[in-house]
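Okay, here's what each chain looks like letter by letter:
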Amino acid sequence: MVNIKFKHQGIQLMQEGLFEGPDRVTLDAEQHNISDFKFDVPITGTVYGTLLNYKGAYEQYEGQLNEDPYKAPPKAPILYIKPINTYIGDGEAVPLPQSEEALSAGAALAVVIGKTATRLEKPNALDHVAGYTIVNDISIPHESIYRPAYKEKARDGFCPIGPWITERDSVDDPNALKISVYVNGELKAENNTSNLIRSVEELLTDVTEFMTLYEGDVLLVGVPENMPLLRAGDTVKVEVEGIGVLENEVMDENQVAGGKRK
């Protein structure tokens, strides 16, 4: 059992419960099936993504990083923002733009900040973490890594988050969590946070050296290589060991408004 915090759709207050897996939640000493809940986005701050923090993802681009315009690998984390228009909850629909045939899934462990974090040191970095959730960092497939991919990553509904926040102390080691991606029930990709270049603690330390993270902010540890493509009608499920399962359907953008089916 793990301690979780979550929001019901339409209710702003966070609730606390126990995730007993694979499909049971205890709330106010009563057991419920997960299907009884409609979960809202459980976070309140800004979502920061991290590029190329998995060894395999980095290796795919390593040659390009030694060419123009970089001419050398980056020495600090490569960050980007998923703005609030991208946020949708578990069970909501990801809109597929009419101009696109497919989207790329982006399974990510998300670190939720619990208190102001500035110039952290690695040994106490996790003390500033409230817990962990799951983000599917959806994007339009693209090759460029040397310019901000706003058009490809910041579209409406391109950041499913949830279904809840698993409290920090319920996770023994965030650097040893299996991540699985299923499309229409079929396993399409699998990785582990043990393959991170910067561990969770190292990433927090390096990021807060030059920017402050505030309570409620979220830092994605990265997206593994070889994420599957998603097409209209596909159901994508991201499972992070010990955290939970985030599931969403991809739909034509003309059928979706604010994550809801029209």
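Structure report, in brief. (Residues numbered from 1 in each chain as written. Predicted model: local features only at pLDDT ≥ 70, side-chain atom pairs only at ≥ 80, totals over all residues. Heavy atoms only, no water.)

**Brief notes about the pattern of salt bridges**
Under the criterion given, the structure shown has eight salt bridges. Between Lys178 and Glu190 there is a salt bridge whose closest N-O contact spans 4.0 Å. Here Lys178 is found in strand 14 (residues 178-183), whereas its partner Glu190 is found in strand 15 (residues 186-192), with twelve residues between them in sequence. Exposure remark for Lys178: the relative accessible area of 40% places this residue in the partly exposed category. (Salt bridge = Lys/Arg side-chain N within 4 Å of Asp/Glu carboxyl O. Helix = DSSP H or I, 4+ residues; strand = E, 2+ residues; numbered from the N terminus. Buried < 20%, exposed > 50% of the residue type's maximum accessible area, 1.4 Å probe, protein only.)

**Some remarks on the packing of aromatic side chains**
If you walk through the whole model with that rule in mind, you get five aromatic pairs. With a centroid separation of 5.6 Å and 75 degrees between ring planes, the pair formed by Phe6 and Phe37 is classed as edge-to-face. Of the two residues, Phe6 sits in strand 1 (residues 2-8) while Phe37 sits in the loop between strand 4 (30-33) and strand 5 (39-40), which places them 31 residues apart along the sequence. Each of the two residues, Phe6 as well as Phe37, counts as buried. On the basis of an interplanar angle of 20 degrees and a centroid distance of 5.6 Å, the ring pair of Phe37 and Phe39 is categorised as stacked. Grouping residues by exposure puts Phe37 and Phe39 together as buried. Feature note: the residues Phe6, Phe19, Phe37, Phe39 and Trp164 constitute an aromatic cluster, connected by ring pairs. A cation over a ring is seen here: Lys237 above Tyr182, with NZ or CZ 4.8 Å from the ring centre. (Phe/Tyr/Trp six-rings, centres within 6.5 Å; stacked < 30°, edge-to-face > 60°. Lys NZ or Arg CZ within 6 Å of the ring centre and 35° of its normal.)

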